[in-house]
Amino acid sequence: MKSAVETLNPTRVRLTVEVPFEELKPSLDAAYQKINQQVTVPGFRKGKIPARVIDQRFGRAAVLEETVNDALPRFYTQAVDENKVEVLGQPDITEIKGVEDLDANGLTFVAEVDIRPEITLPDFTEISVEVDPIEVTDEDVEKSLEQLRERFASVKDVERAAAAGDIVVIDLEAKVDGEVPEDGTATGVSYEIGSGRLLDGIDEAVIGLSAGESKTFTTELKGGSQAGQTSEVTATVTAVQEKELPELDDEFAQLASEFDTLEALRGDSRKRLGRMKEFDQATQAQERVLDELLAKIDIEFPEKLLKDEVETRKHNLEHHQLEPIGQTLESYLAAQGKTLEEFEAETEEQAKKGIKTQFVLDEIVAKEEVGVNQEELTEHLIRRAAGSGLSPDQFAQQIVSNQQVPLLVGEVARGKALALVVEAATVKDTNGEVIDFDEDEDEEAAAEAAAETPAADEAATDEA
């Protein structure tokens, strides 16, 4: 076999492959054998039909077509390996010659395929970013304790008008253009006034109402079949409830935690908030370092890969996020106040950043020879499982059955690569203090970011 590579542009090549007939013989024999198992000819046992009879009865063209179908992927892969081409996705076969006279001239075919662009990495020590300092204030601690009190609050019905902070049980009816849609009613909805978790305008409507009273207000629907539409909503209060918070004392500490005193609980809250802020700071650092790294690198984007990634993101939004809640892309854009053109431009920019991030981090993985051990892979799998709502065993089975283990390995490797960049970069907080991160925490935060950019890795997996 002979092959040649022609560069069409920085992200696409053309492979021309010539295969002599003698190298096609195994594929030709396999084609006869396959047809032998599929057809029946009187006078011959199944699988024992001579080649000349198959040619006479079914035509030489059918055999040659089957031969090419078997041989082409194998020789394409061989050509890619011999020429050390890092391909992305499936090739476009633009020419196939010699099928009619395979015996005499062998097979020639041309394949065009996207490739990874060349990337020149900057000096990581030249990257400098600023992050928020770790500061846990008394106000932060008290806010945390108040949230804990809210979790242990009880409610009681009251015979008075609803006020801010109360919980109301309400029935809702929405009309669009004077008609109530099929999903336009809801009963027994429990809502805390002031939480902002329902419709715009609902707080003003229900404040001052007592049980049995109603009020109609105009708002924009946030979900359902009429999401984004202006609606006349009637809210009927069926009950007004008042929250009762437990006293913030030692007894509460014993009820809500493992601690015997309020001061011990307060001290633990301060430590926990500090750990959370440390992780948030590490996450902020890796995000800002990554942005600075990407800003220092210019790349060409493979046209087909970029187009596919944009379509994938759009498909996931429409069919996996909006469709299950009865919303369309049009209603979603209306609710967001965006035009289709703005949405498509934003989606393309997001896709470009995802692809560029993966290309750059993969280049670091290769240059720095970053490896992934079983312990690191298992830890990452457990974190991903927690985010998916599955148990680690269920998530692992899903990953294996979908042949996505290489994707998971890639995420861990890219996380470690980004952690290397963060380690080399200068990171200071806004107080001017230089930050040194715990290696495990830094890699964990970086791995989470790397997991958001799977586009090119999926393309490479498809090719494999």
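Residues numbered from 1 in each chain as written. Predicted model: local features only at pLDDT ≥ 70, side-chain atom pairs only at ≥ 80, totals over all residues. Heavy atoms only, no water.

(A) Looking closely at the overall build of the chain. Along the chain, the regular secondary structure elements total 16 helices and 11 strands. In summary, the chain has a C-alpha radius of gyration of 32 Å against a globular reference of 23 Å for 464 residues, an excess of more than 25%. Dimensions of the chain along its principal axes, counting C-alpha atoms only, are 95 × 60 × 45 Å. Within the span of the chain, comprising 464 residues, buried residues form 39% of the whole. Sequence-distant contacts in the chain: of pairs separated by 6 or more residues, those separated by 24 or more amount to 70%. For the chain, the accessible surface area stands at approximately 25900 Å², while carbon and sulfur atoms represent 45% of it. Within the chain, one finds 47 positive and 103 negative side-chain charges whose respective centroids are separated by 6 Å. (Helix = DSSP H or I, 4+ residues; strand = E, 2+ residues; numbered from the N terminus. Rg over C-alpha atoms; globule rule 2.2 N^0.38 Å. Buried < 20%, exposed > 50% of the residue type's maximum accessible area, 1.4 Å probe, protein only. Contact = heavy atoms within 4.5 Å. Areas by Shrake-Rupley, 256 points an atom, 1.4 Å probe, with all protein chains shown as cover. Lys, Arg positive; Asp, Glu negative; His and termini not counted. Charge placed at Lys NZ, Arg CZ, Asp CG, Glu CD.)

(B) Main features of a negative patch on the surface. A surface patch of negative charge is lined by Glu311, Glu341, Glu342 and Glu344. The biggest single contributor to the negative patch is helix α11 (residues 340–368), with 3 residues. When you line up the elements, Glu342 lands in helix α11. For Glu342, a relative accessible area of 40% gives the class partly exposed. (Patch = residues over 30% accessible without salt bridge, like charges linked within 9 Å, V, L, I, M, F, W, Y side chains within 5 Å. Salt bridge = Lys/Arg side-chain N within 4 Å of Asp/Glu carboxyl O.)

(C) The nonpolar core, seen in detail. Grouped together as the largest cluster of nonpolar side chains are 35 residues, with contacts concentrated most on Val289, Leu293, Val360, Ile364 and Val427. Within the residue set of this core, elements represented by two or more residues are β5 (128–131), α8 (262–295), α9 (303–322), α11 and α14 (405–424). In this structure Val289 touches Ile127, Val129, Val421, Val422, Ala425 and Val427, once residues within four positions along its chain are discounted. Within the second largest apolar cluster, 32 residues are counted, among which are Met1, Val63, Ala79 and Val80. (Core = buried A, V, L, I, M, F, W, Y, C linked by side-chain atoms within 4.5 Å.)

(D) Examining the domain arrangement of the chain more closely. By the assigned domains, the chain splits into domain 1 (2–114), domain 2 (154–244) and domain 3 (282–452). For domain 1 and domain 2, the distance between their C-alpha centroids amounts to 67 Å. (Domains from an automatic or database assignment.)

(E) Broad picture of unusual backbone geometry. Phi at Asp177 is positive, roughly 55 degrees, even though this residue is not glycine. Phi at Glu369 is positive, roughly 55 degrees, even though this residue is not glycine. As for its placement among the helices and strands, Glu369 is situated in the loop between α11 and α12 (374–388). Its relative accessible area of 71% is what places Glu369 among the exposed residues.

(F) Molecular detail of the pattern of salt bridges. Tallied over the entire structure, the rule returns 29 salt bridges. Arg14 serves as the salt-bridge partner of Glu6, at 2.9 Å between the closest nitrogen and oxygen. Here Glu6 falls in the partly exposed class, since its relative accessible area comes to 41%. Where Lys353 meets Asp291, a salt bridge forms, and the shortest distance between an N and an O atom there is 2.9 Å. In this pair, Lys353 is assigned in helix α11 and Asp291 in helix α8, connecting sequence segments 62 residues apart. Where salt bridges share partners, they join Glu6, Arg12, Arg14, Asp92, Glu112 and Asp114 into one cluster.

(G) Representation of α12. With 15 residues, α12 should cover 21 Å at 1.5 Å per step; its first-to-last C-alpha distance of 21 Å lies within 8% of that length. Phi turns positive, to about 85 degrees, at Gly389, one or two residues after α12. (Expected span 1.5 Å × (residues − 1).)

(H) The arrangement of a positive patch on the surface in detail. Together, Arg151, Lys271, Arg272 and Arg275 give the surface a local cluster of positive charge. For the positive patch, the leading source of residues is α8, giving 3 residues. Structurally, the position occupied by Arg275 is in helix α8.

(I) Layout of the UniProt feature "domain: PPIase FKBP-type" (unreviewed entry) in the chain. Per the UniProt record, "domain: PPIase FKBP-type" (unreviewed entry) is found at residues 165–249. Spanning residues 165–249, this segment combines 6% helix with 46% strand, and its end C-alpha atoms are found 22 Å apart. (UniProt positions renumbered as here; feature names shortened; annotations may be inferred.)

(J) Representation of the environment of Asp250. In this structure, Asp250 sits in helix α7 (residues 250–256). The class of Asp250 is partly exposed, set by a relative accessible area of 38%. Beyond its immediate chain neighbours, meaning those up to four positions away, Asp250 contacts Asp260, Thr261 and Leu262. Here Leu262 takes part through its backbone nitrogen, which lies 2.8 Å from a polar atom of the side chain of Asp250. (Polar contact = N/O pair within 3.5 Å; in protein donor to acceptor, adjacent residues only side chain to side chain.)

(K) Representation of the pairing of strand β4 (residues 107–115) within the structure. A large share of β4 lies buried, amounting to 8 of its 9 residues. Looking at chain direction, strand β2 (residues 12–19) and β4 are connected through 8 bridges and run antiparallel. Across the sheet, the residue bridging to Leu15 is Ala111, located in β4. Two strands pair when backbone bridges link them, and strand β3 (residues 87–97) and β4 are joined in this way by 7 bridges, in the antiparallel orientation. (Pairing = 2+ DSSP bridges.)

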